[in-house]
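Geometric and topological summary
The residues making up each chain are set out below.
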Amino acid sequence: MTNILFKSLPVLLGTVALAACDGAQSSSREQIKAVGSSTVYPFAKAAAEEFARSYPQYPSPIIESTGTGGGINLFCAGVGVSHPDIANASRRMKASEFETCQNNGVTDIVELEVGMDGIAIASAADGLKLELTPREFYQAIAARPFGEENTAQNWNDINPAFPNQPILVYGPPPSSGTRDALAELIMTAGCKTDDATAALKDGNEEEYEAICTEVRKDGKFVEQGENDNLIVQKLVANPQAVGVFGYSFLEENAQRLHGQPLGGVEPTYENIASNAYPGARPLYLYVKKQHMDAVPGLKEYIQTWIDNWGRDGMLTGRGMIASSDAVQARTADTAKNLTLLDASVLK
């Protein structure tokens, strides 16, 4: 009887401690809860499944796909049983989000860069073949490319060498980290190729951001929610459409889709890992240090990511791209020491 009680003590202490974090709550939670990016979601699920196999003494984590922005909002809402332990993100936390966290008592945040992904532009395997540059893709989907109303209807209005087919792009909503990365890595890169527009950044940054990142709303760019698999289905059903989503969905559907080169670079594992592909981006976990000792198995779940994020690891087998050795070493050290995120590195 004594041995059984002793073995149960860490879990009991954890649930009591977590309940104590939230004075308004009398209940407790034994399961890890993570929310956030639809791109990170399949990797987080895979890590949760591996965690459940490796640590059967703990309940399986709850993983929810809410989009990066939505997940960080939930994460930053407070500390305690009613708030998630982890936010999965396909972009870095913003300075404004960090400030919201701090204002709501989420004062101790650990940032872990767990791998890489790419913003893939794709079509059905038998669909459109385009050789896009960031500038051309920006011109196709921006609401006001270079400050002028977008009147392009067909791809050959952008480049005479392109097919005489209507522009139709399925993409992520504003709450998605993929949308943020699309705006930053591809649209803004195309936008600032125009010297006059680029010069706006110093004189009128708000207008510059609007011109460079707002997408058109005339039916040429169609938001598809947080379910990237829905975009895949739309592309298969319409060979003349183009879709934007995380690279892992392209790899998973390689028999049904083909990636569009961007700036002459194919969206491949090697090109994203080396940062040769313009749409390469890191993936993150944000963890509440305040929950670390209170939620049973949270440390072990983080360790499961570390144990499986290598080039030949389980997570890369699911489509995630391994970070460099230097990034992996730095992130593993951050996880070990629970080094807190410094607001000065955020934008």
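The text that follows walks through the structure, step by step, so that each part is easy to find.

Here we take up the state of the cysteines. With the rule as written, the count across this model stands at 2 disulfides. Between the sulfur of Cys76 and that of Cys101 lies a disulfide, 2.0 Å long from S to S. The chirality of the disulfide connecting Cys76 with Cys101 is left-handed, given an S-S dihedral of about -75°. Highlighted residues: Cys76 in the loop between helix H3 (68–75) and strand S3 (86–89) and Cys101 in helix H4 (residues 95–103), separated in sequence by 25 residues. Its relative accessible area of 1% is what places Cys76 among the buried residues. Given a relative accessible area of 0%, Cys101 falls into the buried group.

Its boundaries defined by the atoms lining it, the largest pocket holds a volume of some 960 Å³. Looking at the largest pocket, it is lined by 27 residues, and the ones nearest its centre are Arg91, Lys94, Asp180, Glu184 and Lys347. Within the residue set of the lining of the largest pocket, elements represented by two or more residues are helix H6 (177–191), helix H8 (205–213) and strand S9 (280–288). If you tally residues by element for the lining of the largest pocket, the top one is H6, at 7 residues. Split by residue class, the lining of the largest pocket holds 12 nonpolar, 3 polar and 12 charged.

Here strand S1 (residues 33–36) pairs with strand S2 (residues 62–65) via 4 bridges, running parallel. Directly across from Val35, in S2, lies its bridge partner Glu64. Following the backbone out of S1, through helix H2 (residues 41–54) and into the adjacent parallel S2, one traces a crossover that is right-handed.

What counts and what doesn't
Residues numbered from 1 in each chain as written. Predicted model: local features only at pLDDT ≥ 70, side-chain atom pairs only at ≥ 80, totals over all residues. Heavy atoms only, no water. Disulfide = S-S within 2.5 Å. Helix = DSSP H or I, 4+ residues; strand = E, 2+ residues; numbered from the N terminus. Buried < 20%, exposed > 50% of the residue type's maximum accessible area, 1.4 Å probe, protein only. 1 Å grid on protein atoms, 1.4 Å probe; cavity = no way out; pocket = protein on both sides within 12 Å on 5 of 7 lines; lining within 4 Å. Points joined across faces, edges and corners; volume = space filled by probe spheres on them. Nonpolar A, V, L, I, M, F, W, Y, C, P; charged D, E, K, R; others polar. Pairing = 2+ DSSP bridges. Right-handed = clockwise from strand over helix to strand, strands pointing away.

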